[in-house]
Amino acid sequence: MGDILIVDDERDIRELIADILEDEGYGTRLAGNSDECMAQLNAEAPALMILDIWLKDSQMDGIDILKHVKRDNPDVPVVIISGHGNIEIAVAAIKQGAYDFIEKPFNIDQLMVVIGRAMEISRLRRENSALRRRETVAVEMVGSSASFKSLKTQLDKVTKSNSRVMLTGPGGSGKEVAARYIHAHSNRNDAPFVVVNSASIEPDRMEEVLFGREGTERGIEKGLLEEAHGGILFFDEVADMPLGTQSKILRVLVDQSFTRVGGSDKVRVDVRLISSTNKVLPVEIEAGRFREELFHRLNVVPISVPSLQERLEDVPELVALFIKQFNETQGLPARVLSDDAAAMLQTMQWPGNVRQLRNVIERVLILGDGTGEIAASDLPTAEDGPSDAGRMTISGGLASLPLREARELFEREYLLTQINRFGGNISRTATFVGMERSALHRKLKSLGVVTANKAGARVAYVEQEAAQ
């Protein structure tokens, strides 16, 4: 039923409590002083502690031990007992994080009720941790493009280390998903993954949120650093962190410890840091908005997360994943993406990247009339007003050109879009557009379109000379 550590300097008391608990099916461990108690804690954290306030011949009293337990094993409930109890001691114990306080001589029935409730709290905390683990393991990353494969290879290389990782890429490209993937496949996957959204936390509250606070009225309130103990702390958009907080985070990285707001005790933590940013940090450093030393400490392993425009090949797989997720979590219809809809999505512009694509698919599933294939006509278009069937809207710039120049511009943009849609694969592009491969090569050369490797993917672009 659980393992309970009983700490009391009176042998008769601790053995009496142990006998009662063992009759109820609990496992017990005993400690007569603070040294024995700390040895037991260091060996293995119990499911629950019963702790005497006054410990003779000990370096620490019960309150000191309680502070250590709440710092290093915050999920362990602690029931305080004392033969010299008074309201001040009870209040002090509760403020330090004790689950309850019982005065000696205690009523056995009362003690068992408190222990039963505390063990239930311990069980629920373990179940919540297990749920968080299952949620993390469920992180899915899909794709078959060269840029995605390159990203996944880099992520797989850093999962088992404790190195700090800096994820860079445009907003909505999936940096947090990449961070969660590292966590799910790391040695810390059974510990917390805590997100610090640097942009959404008010600057004057950042330190309190990160480090927690101590006070006589509200006791100890843990910050995000303590909540992430043993796991991963993810600094989302770290460039938006206030300069003053940056210097304090720098000290945490050096010392692996910090002081809560309003407190004086050092709190030691074991966390792995992963950061992300959509800004160019060297530029932020030059402008005085980001500390260079912090950059070098966080940027141990830099990994670039590609934009959706760099991995258009992955659009059908991403859409299939989103449909599956929306079906499982919201009960939305499990529709299938048609070929024409896939082609349209792969030729659209995605300034919001993967996040924007996900939002579009959610909108289509919610507003769609049927459960059949998602057709191109189901997708949102840039034009708000009605258009004549079978007609294409021509921009003012294109309409002002002579036919030959307009046709050349259209062909160039059309082929650029198709080549990038197929990840730079000329053979697949030629098949789709209905041209012989050699003829396509000649057409690309005449239009000044070339292909080259960029960020692990092959992309098409217009030669500078041809663009001028």
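These remarks concern the structure in this document.

Reading guide: rules and limits
Residues numbered from 1 in each chain as written. Predicted model: local features only at pLDDT ≥ 70, side-chain atom pairs only at ≥ 80, totals over all residues. Heavy atoms only, no water. Helix = DSSP H or I, 4+ residues; strand = E, 2+ residues; numbered from the N terminus. Contact = heavy atoms within 4.5 Å. Areas by Shrake-Rupley, 256 points an atom, 1.4 Å probe, with all protein chains shown as cover. Salt bridge = Lys/Arg side-chain N within 4 Å of Asp/Glu carboxyl O. Buried < 20%, exposed > 50% of the residue type's maximum accessible area, 1.4 Å probe, protein only. Pairing = 2+ DSSP bridges. Axes fitted to C-alpha atoms, helices over the stretch in contact; angles between N-to-C directions. Expected span 1.5 Å × (residues − 1). Arc of directions from axis to C-beta. Polar contact = N/O pair within 3.5 Å; in protein donor to acceptor, adjacent residues only side chain to side chain. Patch = residues over 30% accessible without salt bridge, like charges linked within 9 Å, V, L, I, M, F, W, Y side chains within 5 Å. 1 Å grid on protein atoms, 1.4 Å probe; cavity = no way out; pocket = protein on both sides within 12 Å on 5 of 7 lines; lining within 4 Å. Points joined across faces, edges and corners; volume = space filled by probe spheres on them. Nonpolar A, V, L, I, M, F, W, Y, C, P; charged D, E, K, R; others polar.

### Regarding the overall build of the chain
A tally of helices and strands in the chain yields 20 helices and 16 strands. Sequence separation of 24 or more characterises 69% of the internal contacts of the chain that already satisfy a separation of 6 or more. Only carbon and sulfur atoms are counted for the fraction: they give 48% of the accessible area of the chain, which is about 24,100 Å².

### Observations regarding the pattern of salt bridges
Pairing between side chains becomes possible if they bear opposite charge and their charged atoms approach one another. Applying the stated criterion across every chain yields a total of 18 salt bridges. Two residues, Arg297 and Glu293, come together in a salt bridge whose shortest N-O distance is 3.8 Å. In this pair, Arg297 and Glu293 both sit in helix 12 (residues 292-298), four residues apart, roughly one turn of the helix. Glu293 gets classed as partly exposed once you look at its relative accessible area, which sits at 45%.

### So, the side chain of Thr159
By secondary structure assignment, the location of Thr159 is in the loop between helix 6 (146-158) and strand 6 (165-168). For Thr159, a relative accessible area of 4% translates into the label buried. Not counting residues within four places of it along the chain, the set of residues in contact with Thr159 comprises Tyr181, Ile182, His185, Ser186, Asn187 and Arg272.

### Quick notes on the sheet that holds strand 6
Taken in spatial order, the five strands of this open sheet run 7-10-13-6-14, and their pairing is parallel. Of all strands in the sheet, those bounded by a partner on one side alone are strand 7 (193-197) and strand 14 (301-304). For this sheet, the mean angle separating the axes of adjacent strands, direction not counted, is 20°. With four bridges joining them, strand 10 (residues 232-236) and strand 13 (residues 272-277) adopt parallel strand pairing. The residue bridging Leu233 from the neighbouring strand is Leu273, located in strand 13.

### Re helix 1 (residues 11-23)
Over its 13 residues, helix 1 extends 18 Å from the first C-alpha to the last, a length consistent with the 18 Å expected when each residue adds 1.5 Å. Restricting attention to buried positions, one finds in helix 1 the residues Ile13, Arg14, Ile17, Ala18, Ile20 and Leu21. Projection of helix 1 onto a plane perpendicular to its axis shows the buried side chains occupying an angular sector of 165°, all on one side. For helix 1, the exposed residues lying more than 90 degrees away from the buried face are Arg11, Asp12 and Asp23. Gly25 occupies a position one or two residues after helix 1 and carries a positive phi of about 95°.

### Some details on the side chain of Arg335
If you trace the backbone, Arg335 turns up in the loop between helix 13 (315-330) and helix 14 (339-347). Judged by relative accessible area, Arg335 falls into the buried class, the value being 7%. One polar contact links the side chain of Arg335 to the main-chain carbonyl oxygen of Gly372, over a distance of 3.0 Å. One polar contact links Arg335 to Asp378, side chain to side chain, over a distance of 3.2 Å. In this structure, Arg335 is in contact with Ile323, Val364, Leu365, Gly368, Gly370, Thr371, Gly372, Glu373, Ile374 and Asp378, ignoring residues within four places of it in sequence.

### Details of a nonpolar patch on the surface
A contiguous nonpolar patch, built from Phe410, Tyr414 and Phe432 and spanning about 280 Å² of accessible area, is present on the exposed surface. Assignment of secondary structure puts Phe432 in helix 18 (residues 426-433). Since its relative accessible area comes to 40%, Phe432 is described here as partly exposed.

### Some points on empty space enclosed by the protein
For the structure on display, the rule yields one cavity of 30 Å³ or more. Taken as a whole, the largest cavity holds about 40 Å³ of empty space. With three residues, the top contributor of residues to the lining of the largest cavity is helix 10 (residues 243-255). Grouping the constituent residues of the lining of the largest cavity by class yields six nonpolar, one polar and no charged.

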